[in-house]
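Overview (structure and organization)
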Amino acid sequence: KKDEKMAGLIVKSFFTPDESRTPEKTKVDVVSLGSVTALRITLQPGWVWSECIGPVAGTDTCQANHVGCVESGEAIIKMDDGTEMVIKAGDAYVIEPGHDARIVGDESFVAYEFDTSTAETYAK
């Protein structure tokens, strides 16, 4: 059985998250794992941070720290200094605050993230 807590072991499923957030073209599934909060983020084709999350966050660029890995899809990350990089399926990443992002192509982008403070507040 999933979603169990035993001594030294916590298991939860992203299929039955503790919380879901759904801004435009975005689905964020959140699971609380004791001292760690994790999220699965699904971004639809056409998603752009400044258009879909920016209005929720109230900032010009994303001020969250992201630590995660990409399961599917591709995104272009553009840092405030103009540096750009593509992240894609199989990539592990750290994206520091001060960036915009957009989905590339017509495949949904799915990633899992493990920065607790970001997981607790992103897209909320």
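Just above, that's the structure.
To keep things clear, this report deals only with the structure shown in the data block. All residue numbers refer to position in the chain's written sequence, counted from 1. Local features in this predicted model are restricted to residues of pLDDT 70 or higher, and side-chain atom pairs are both shown and tallied only at a pLDDT of 80 or more, whereas totals for entire chains, interfaces and linings draw on every residue. Side-chain measures here rest on the full set of heavy atoms in the structure, leaving out hydrogens and waters.

With that out of the way, let us pick up the sheet that holds strand β9 (residues 92-95). Strand pairing is assigned whenever DSSP identifies at least 2 bridges connecting the two strands. Only DSSP runs of H or I reaching four residues or more are called helices, and only runs of E reaching two or more are called strands; each is numbered from the N terminus. What the six strands build is an open sheet, ordered β3-β4-β5-β11-β6-β9; its pairing is antiparallel. Either end of the sheet is taken by a strand with one partner, and the two such strands are β3 (19-21) and β9. Strand-to-strand twist of the sheet, defined as the mean angle between neighbouring strand axes without regard to direction, takes the value 25°. Looking at chain direction, strand β4 (residues 26-33) and strand β5 (residues 36-43) are connected through eight bridges and run antiparallel. What counts as an axis is a line fitted to C-alpha atoms, over the stretch in contact for a helix, and the angles between N-to-C directions run from 0 to 180 degrees.

Moving on, we come to the pattern of salt bridges. Criterion for a salt bridge: a side-chain nitrogen of Lys or Arg within 4 Å of a carboxyl oxygen of Asp or Glu. For the structure shown, the criterion picks out six salt bridges. Here K12 ties to D18 by a salt bridge, and the two come within 2.9 Å at their closest N and O atoms. Residue burial is assigned from relative accessible area. The probe radius is 1.4 Å, only protein chains are included, and a residue is buried under 20% of its type maximum, exposed over 50%, and partly exposed in between. Relative accessible area serves as the criterion here: at 27%, K12 is assigned to the partly exposed category. Measuring nitrogen to oxygen at the nearest pair gives 3.8 Å for the salt bridge that ties K27 to D29. Judged by relative accessible area, D29 falls into the buried class, the value being 1%. Overlapping salt bridges, with partners in common, bring together E19, R21 and K124 in one network.

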